[in-house]
Amino acid sequence: MDSAEDAEQYFRDIGFLPAAAGTSGDGDGDGDDGDEGARGPQLEIRVTRHGPDGRCTAYELECAFARRPPQPPAEWSTKLRLKQLNEQLHEVVKRELGHEHYAKHFGQTPFAARCGGVPVVGRGTSSTPRLDAWCHSLARAANAGAFKPPLVAQVLRLLQAPALPKEAP
């Protein structure tokens, strides 16, 4: 995972204004670790559909965040496999937050069910709505300042957040 300095440089490169900038990101997201007047990043993540990707299933995620003024918002989509989302996002977030803080932010939105690497769909629910709900919780927690900057940077890198456009010479 990045250092805090590497995360801050990455945020500058993509024009991202992290929640509670300059705070500890103590994991609880209760608003007591920063300037309450600071406007957070307003990160949005939606899982809109899934489809075949070779022998696997890929999920399309539509993502957005408000950039530092005067830049327009960043909006993009990316496709990721459930295994990538689980190993590189879900498990990392669980580990970094710890059980108590993870339960606070994700207790009502379990990660997409899996069985031997295959999404479980036989119980009347698809993994797509569960994954979408989990991603909404992820964005809410990030917006609330529950994540330390290196974790936010890791999330945005996995989601392939676009860099700021290069200025013309």
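Residues numbered from 1 in each chain as written. Predicted model: local features only at pLDDT ≥ 70, side-chain atom pairs only at ≥ 80, totals over all residues. Heavy atoms only, no water.

Q: Even after reading the chapter, I still don't get the sheet that holds strand 3 (residues 74-81), so can you show me in this structure?
A: Strand order in the open sheet made by the three strands is 1-2-3, with antiparallel pairing throughout. Both edges of this open sheet fall to strand 1 (44-53) and strand 3, since each of them pairs with a single strand only. On average, each strand axis in the sheet is inclined to that of its neighbour by 20°, with strand direction left out of account. The sheet contact formed by strand 2 (residues 56-65) and strand 3 spans eight bridges and is antiparallel. Paired with L61 across the two strands is T78, which belongs to strand 3. (Pairing = 2+ DSSP bridges. Helix = DSSP H or I, 4+ residues; strand = E, 2+ residues; numbered from the N terminus. Axes fitted to C-alpha atoms, helices over the stretch in contact; angles between N-to-C directions.)

Q: I tried to follow the nonpolar core on my own but got confused; where do I start?
A: Considering soluble globular proteins, one finds that nonpolar side chains tend to be buried as a cluster. By size, the foremost hydrophobic cluster in this structure holds 42 residues, and its most contacted members are F147 and L156. Listing elements by their share of this core, those giving two or more residues are helix 1 (4-14), strand 1, strand 2, strand 3, helix 2 (82-106), helix 3 (127-143) and helix 4 (149-158). Here this core takes eight residues from helix 2, the largest share from any one element. (Core = buried A, V, L, I, M, F, W, Y, C linked by side-chain atoms within 4.5 Å. Buried < 20%, exposed > 50% of the residue type's maximum accessible area, 1.4 Å probe, protein only.)

Q: Help me out: how do you make sense of the side chain of T78 in this one?
A: Mapped onto the fold, T78 is located in strand 3. With a relative accessible area of 5%, T78 lands in the buried category. A polar contact of 3.1 Å, which involves the side chain of T78, links it to the side chain of Q160. Sequence-distant contacts of T78, defined by excluding residues within four places in its chain, comprise Y59, E60, L61, L159 and Q160. (Polar contact = N/O pair within 3.5 Å; in protein donor to acceptor, adjacent residues only side chain to side chain. Contact = heavy atoms within 4.5 Å.)

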